[in-house]
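Each chain, letter by letter, is given below.
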Protein chains: 2
Amino acid sequence: MNKEITIYDIAKVVGLSPTTVSRALSNHPRVKENTREKILNTAKNMGYQSNIFASSLRKKRSKSIGVIIPKLNSPFQSSVLAGMEEIATQAGYNLIISQSTESLEKEVSNANTMFNSRVDGLLVSKAGTTDNIEHFAPFFKKQIPVLFFDRVPEDNNCTGVVINNTQAIYDATSHLIKEGCKRIVHVLGNLKINVYSDRLKGYKYALLDHGLAFKEENVITNDLGEESGDRIVEKILKLKPRPDGLLVSNDACAASCLMALKKKKISVPEDIAIVGFNNDLISRMVEPNLSTINYPSYHMGEVAMKNLINHLDDEHQEILQKTNTITLRHELIIRGSSKR
Amino acid sequence: MNKEITIYDIAKVVGLSPTTVSRALSNHPRVKENTREKILNTAKNMGYQSNIFASSLRKKRSKSIGVIIPKLNSPFQSSVLAGMEEIATQAGYNLIISQSTESLEKEVSNANTMFNSRVDGLLVSKAGTTDNIEHFAPFFKKQIPVLFFDRVPEDNNCTGVVINNTQAIYDATSHLIKEGCKRIVHVLGNLKINVYSDRLKGYKYALLDHGLAFKEENVITNDLGEESGDRIVEKILKLKPRPDGLLVSNDACAASCLMALKKKKISVPEDIAIVGFNNDLISRMVEPNLSTINYPSYHMGEVAMKNLINHLDDEHQEILQKTNTITLRHELIIRGSSKR
């Protein structure tokens, strides 16, 4: 590695004092405009790196924000990240991103790395197997703000950015019932995750409010994988009488179920009506188009990051501590897969 | 913010010398196992943050790697990122990720931020409007390795991880010709990007080798957006005689074209055969399933990161400097959209 360029080296080249150089580089008002320009140009040509590390140590700010998500390669999560990046860059923060790959063990190690990297704040969407948040205790202790999004812990002291998952599935279930469905199967992920336990509530409430009985056998939990349609449809077709409605907690998995049903010559929506979740691209590309819940993922990224940065910039740091939950708007979008 | 915990504070609590504490925290072999454990536990309970910043300043290593991509929310890019994150985490590096949103101006600013954040290395996939790489000069000057992937610059001194785009489209074009297509339209992105200029070559070579004439009007460049099918199909249907083959540079856009064609009652593959690119989930979900080129995106992320880290760990640092291009295998996958 080359020798590090210092302000002393720059001072020698421009023939000015190190103090003037230092002031010019930090935009001190006492330095004249043309002097500043000369110094900045020289610094640039010499390959000077402004010492963010050293200046961060003094200010105790790293100007970086950590993000821990379950999975980088998911349309939902990457859209959230894009929204976060937009806001962070505007505010001069770097994003340090890691994925827990749905493992508590990896999430613990991610949190540890983020802590030692001295992020100014942390944004987290929990792994599927995470049933406690002890590994974030060092952050809480040091008053480094931790904001959860989408998958948030039960703990009432944490702030979370979410949608109303219960209401969203309540809306979807009610819609299916209105379309004449009487035996609705709900496919969802790990019930340890608030997202899915809340949705199950919405499903139960809607059945209750419409006078239909809840049956345990109509709830299928799985990994919601892109290729899980065949397995899910096989389970459904064993149920007697055959279900006539299907509520799936993400669009990729719903599309996969749709493919599997069509392979079995079962008509959608006539025999079985389907509603997905997220409003991913795929919901508009399969035939019939999937009814779904619009989940404002990009907007969730923006809102979470904006709130975290506002908190960091706010000397009083009160807003976030008094906020429990920020709930974004969802919307039921009715398309061919459920419109009879 | 709370007071920073130092090794002196820990030393006081455990009743040992600061030297012993320091040694224990850096896993020095002279510290006995049970002493080390006691110190580590105390450090953890007190909320001690190992001083990566200070130790990075000494070692001139930040243990972070910068990644600049055109767009976070793309199935291709997020799969590449997932591969990178996997390898980086294993090797104890953080990822700092930013997106250029296809703008040279933003890419310049991203590069500048990465430089001042003192990343140990940089992985870049160029923005669409980037026609020079001057903004990476400070990295080259400081011998901070910059590795390009997917979208690489023309500059022969840079190392890039790519697939053979020319051969991939040559294969796809030849396949369409073999299926009887005589007027093949090629839809691709900004021709300033190597990915697309290379693909155009493959298209031309295949036409030439099969005795078909190349016509400028059969090449459509656009943003390959998920919703651009209607516009593209409108253009195609104005061409006389009507094209009978369609080669689209990503699967989402190809699927959108397929939808638009079906709306116009044009049969796929009978009237117009389609081949996409990437082998994204969507290619297996639309009907008919899309023929496509399998682009090993996750593997590309792994390979790029592995090579960068090997270079950083290698005292001689020769491997990467002598490597111009690392080419991964692609594969033509033939499905219903082009099999007549």
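Structure: above.
None of these values were measured; they are calculated from a predicted model.

About the criteria used
- Residues numbered from 1 in each chain as written.
- Chains lettered and ligands numbered in written order.
- Predicted model: local features only at pLDDT ≥ 70, side-chain atom pairs only at ≥ 80, totals over all residues.
- Heavy atoms only, no water.
- Least-squares fit on C-alpha atoms with pLDDT ≥ 70 in both.
- Contact = heavy atoms within 4.5 Å.
- Salt bridge = Lys/Arg side-chain N within 4 Å of Asp/Glu carboxyl O.
- Helix = DSSP H or I, 4+ residues; strand = E, 2+ residues; numbered from the N terminus.
- Buried < 20%, exposed > 50% of the residue type's maximum accessible area, 1.4 Å probe, protein only.
- Buried area = accessible area lost by both parts, 1.4 Å probe.
- Polar contact = N/O pair within 3.5 Å; in protein donor to acceptor, adjacent residues only side chain to side chain.
- Expected span 1.5 Å × (residues − 1).

Caption draft 1: Molecular detail of the relation of the copies chain B and chain A. With an RMSD of 0.1 Å, the fit of chain B onto chain A corresponds to turning through 180° and sliding 0.0 Å along the axis. Taken together, the rotation and translation relating the two chain copies correspond to the operation of a two-fold axis. No C-alpha of chain B lies nearer the rotation axis than that of Ile96(B), which sits 2.3 Å from it. Here 100% of the contact residues of chain B are again contact residues in chain A; the copies associate through an equivalent surface.

Caption draft 2: Up close: the pattern of salt bridges. Following the criterion strictly, the structure yields 18 salt bridges over all chains and no others. A salt bridge links Lys106(A) to Glu85(B), with the shortest nitrogen-to-oxygen separation between them at 3.2 Å. One end of the pair, Lys106(A), is in helix 6 (residues 104–116); the other, Glu85(B), is in helix 5 (residues 75–90), on a second chain. The pair formed by Lys106(A) and Glu85(B) is uniform in burial state, with each residue classed as buried. Its salt-bridge partner being Glu102(B), residue Arg151(B) comes within 2.9 Å of it at the nearest N-O pair. Here Glu102(B) lies in the loop between strand 2 (94–99) and helix 6 (104–116) and Arg151(B) lies in the loop between strand 4 (146–149) and strand 5 (159–163), a separation of 49 residues in the sequence. Take Arg151(B): its relative accessible area is 8%, and that puts it in the buried class.

Caption draft 3: Molecular detail of the interface of chain B and chain A. With 57 residues of chain B at the interface, the matching set in chain A holds 57 residues. In total, chain B and chain A occlude about 5,600 Å² of area from one another, counting both sides; carbon and sulfur atoms represent 54% of this. Our count for the contact surface shared by chain B and chain A stands at six salt bridges. Counting across the chain B and chain A interface gives 14 residue pairs in polar contact (both at pLDDT 80 or more).

Caption draft 4: Representation of helix 3 (residues 33–46) of chain A in the model. The end-to-end C-alpha distance of helix 3 of chain A is 20 Å, a good match for the 20 Å that 14 residues give at a rise of 1.5 Å each. Buried residues in helix 3 of chain A make contact with helix 1 (7–14) and helix 2 (18–25) of chain A together with helix 7 (137–141) of chain B. With its phi angle positive at about 80°, Gly47(A) sits one or two positions after the end of helix 3 of chain A.

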